[in-house]
Amino acid sequence: MNKKQKIYNKLLELVKEENVKVDEMLKDHLYTKLGGKADFFITPTSYEEIQNVVKLSNEDNIPFTLLGNGSNLIIKDGGIRGIVINLKHLDTIYSEGNTVVAQSGARIIDASRYALDKNLSGLEFACGIPGTVGGALYMNAGAYGGEIKDVLDYAFVVDKQGNLVKRLAAELDLDYRTSNISANGDIVVEATFHLKPANYEDIKEVMDDLTYKRESKQPLEYPSCGSVFKRPPGYFAGKLIQDSDLQGTNIGGAEVSKKHAGFIINKDNATTSDYISLIEHVQKTVKEKFGVDLEREVRIIGDDKD
Ligand SMILES: Cc1cc2nc3c(=O)[nH]c(=O)nc-3n(C[C@H](O)[C@H](O)[C@H](O)COP(=O)(O)OP(=O)(O)OC[C@H]3O[C@@H](n4cnc5c(N)ncnc54)[C@H](O)[C@@H]3O)c2cc1C
């Protein structure tokens, strides 16, 4: 029996058969519609299953990677070795008093809508962010003046030893589009947000306004991974790119959006290397023109194609 078959058999002892896939095409799970295959793609249905998979990964030295909604990731064409864990089956959302509790496979948009239905204010900023709760914590996602850091009370994570641990928001080092979740090797499984009671119509008005702004300014009609670059101190990435005359520039099928300069869209069957080359071209041009380093917000992972 080869090594891959052995790992598959071990995974079947931990996760239901229908939730273990081999050689899964990751582009089907990514907003950019790009990326190679995962050796194993699993969708656990309980925290215990996740814990057991982490323990297997430690014992047998098999790497694992978390994949949320794939809205802030570029995965290279060679794909990902080891196990990709996706928590789409863990998507329960409920409320207790003024808190909303969401499992990390739930969409943050759904948590935002759920809070609206419960007349709770604080998650309006997230009403158009297309990630999961887990991905939103990992990135400390934010928009229009709000961010996860403002509303997160605590999270439950599976740590790198496979233990289920509570982490207070203050322990996660949440900062501008970053946290220590990756450095700690944590898997976020659940988040508790503290919100404030408010009038349904008032919350809805804010969400409708933010949705209008988003839809009118962002190229949502094309696959993309949102804003590619972080805001450099004292500047706006989009403005620097616009002033560098880069809008409409393309490499292969990837193009700097004409609608929002901070977005790179997959306009016409782009490859991951088209995308990465265009990101580097934008960084180089902005550096030459304005002396500013654009740091990527989007994560690039995976293997190059052989
Ligand atoms: C059209 C568009 C608009 C966007 N607008 C915004 C915006 O306004 N504000 C904003 O902040 N972002 C925005 N984004 C980016 C993106 O939606 C956010 O960063 C989001 O939080 C990513 O969540 P995800 O589930 O898609 O994560 P993924 O892209 O799947 O993963 C991102 C990172 O999180 C890790 N991760 C995912 N789940 C877990 C978990 N459970 N435990 C540990 N690690 C995990 C992954 O390993 C990866 O490193 C936008 C993207 C798009 C495509």
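A quick note: this is a predicted structure, and the numbers were derived from the prediction, not measured. (Residues numbered from 1 in each chain as written. Predicted model: local features only at pLDDT ≥ 70, side-chain atom pairs only at ≥ 80, totals over all residues. Heavy atoms only, no water.)

## Some remarks on the UniProt feature "active site" (unreviewed entry) in the protein
How we decide: UniProt positions are given in the numbering used here, feature names are shortened, and annotations may be inferred rather than shown by experiment. Counting from the N terminus, the helices are the DSSP runs of H or I reaching at least four residues and the strands are the DSSP runs of E reaching at least two. Contacts: residue pairs with any heavy atoms within 4.5 Å of one another. Here the term buried applies to any residue with accessible area under 20% of the maximum for its type, exposed to any over 50%, and partly exposed to those in between, with areas from a 1.4 Å probe on protein chains only.
Summarizing the sequence annotation, UniProt attributes the feature "active site" (unreviewed entry) to Arg177, Ser227 and Glu297 in the numbering used throughout. Their sequence span is 121 residues, while the largest C-alpha to C-alpha distance among them is just 11.2 Å; these annotated residues converge on one region. With respect to the element layout, serine 227 can be found in strand β15 (residues 224-227). Not counting the four nearest positions on each side in its chain, serine 227 is found in contact with Gly262, Phe263, Glu297 and Val298. Its place among the elements puts glutamate 297 in the loop between α9 (272-290) and β19 (299-301). The class for glutamate 297 is buried, based on a relative accessible area of 15%. Setting aside residues no more than four positions away along its own chain, glutamate 297 makes contact with Asn72, Met139, Tyr176, Arg177, Ser227, Val228, Phe229 and Lys230.

## Considerations on the pairing of strand β12 (residues 164-168)
Formally: Pairing between two strands is assigned when DSSP locates at least 2 bridges connecting them.
Relative to β12, strand β11 (residues 152-158) runs antiparallel, the two sharing five bridges. Paired with alanine 155 across the bridge in β12 is arginine 167. Connecting the antiparallel pair β11 and β12 is a turn made up of five residues, with glycine 162 showing a positive phi of about 95°.

## Focus: the pattern of salt bridges
The criterion, for reference: Salt bridge, as used here, is a side-chain nitrogen of Lys or Arg placed within 4 Å of a carboxyl oxygen of Asp or Glu.
The tally for this structure, following the rule as stated, stands at 16 salt bridges. Lysine 239 is paired through a salt bridge with aspartate 243; the nearest N and O atoms lie 2.7 Å apart. In this pair, lysine 239 and aspartate 243 are both assigned in helix α8 (residues 237-243), four residues apart and thus about one turn of the helix distant. Lysine 239 gets classed as partly exposed once you look at its relative accessible area, which sits at 49%. Overall, aspartate 243 belongs to the partly exposed group, its relative accessible area being 33%. Close ionic contact of aspartate 293 with lysine 287 constitutes a salt bridge, the shortest N to O distance being 3.4 Å.

## Focus: the site of the ligand
Stated formally: If a single non-hydrogen atom of a residue is within 4 Å of a molecule or strand, that residue counts as near it. In protein, a polar contact means a hydrogen-donor-capable atom and an acceptor-capable atom, both N or O and within 3.5 Å, with residues adjacent in sequence counting only if both atoms are side-chain atoms; elsewhere, any N or O pair within 3.5 Å suffices. Note on areas: Shrake-Rupley with a 1.4 Å probe; residue coverage comes only from the protein chains shown. Residue classes follow a fixed rule: Ala, Val, Leu, Ile, Met, Phe, Trp, Tyr, Cys and Pro count as nonpolar, while Asp, Glu, Lys and Arg count as charged, and any other residue, Gly among them, counts as polar.
Near the ligand there are 37 residues, and of these Leu66, Ser71, Thr132, Gly142 and Arg299 occur at the shortest range. In the environment of the ligand, an oxygen atom lies 2.8 Å from a nitrogen or oxygen atom belonging to the backbone of asparagine 69. Between glycine 70 and the ligand, the recorded distance is 2.8 Å, taken from a backbone N or O atom to an oxygen atom. The fraction of the free accessible surface of the ligand (970 Å²) that becomes covered by protein chains is 95%. Among the secondary structure elements, those contributing two or more residues to the shell around the ligand are α4 (133-139), β9 (142-143), β13 (187-194) and β15. With five residues, the single largest contributor to the shell around the ligand is α4. Looking at side-chain class alone, the shell around the ligand contains 18 nonpolar, 14 polar and five charged residues.

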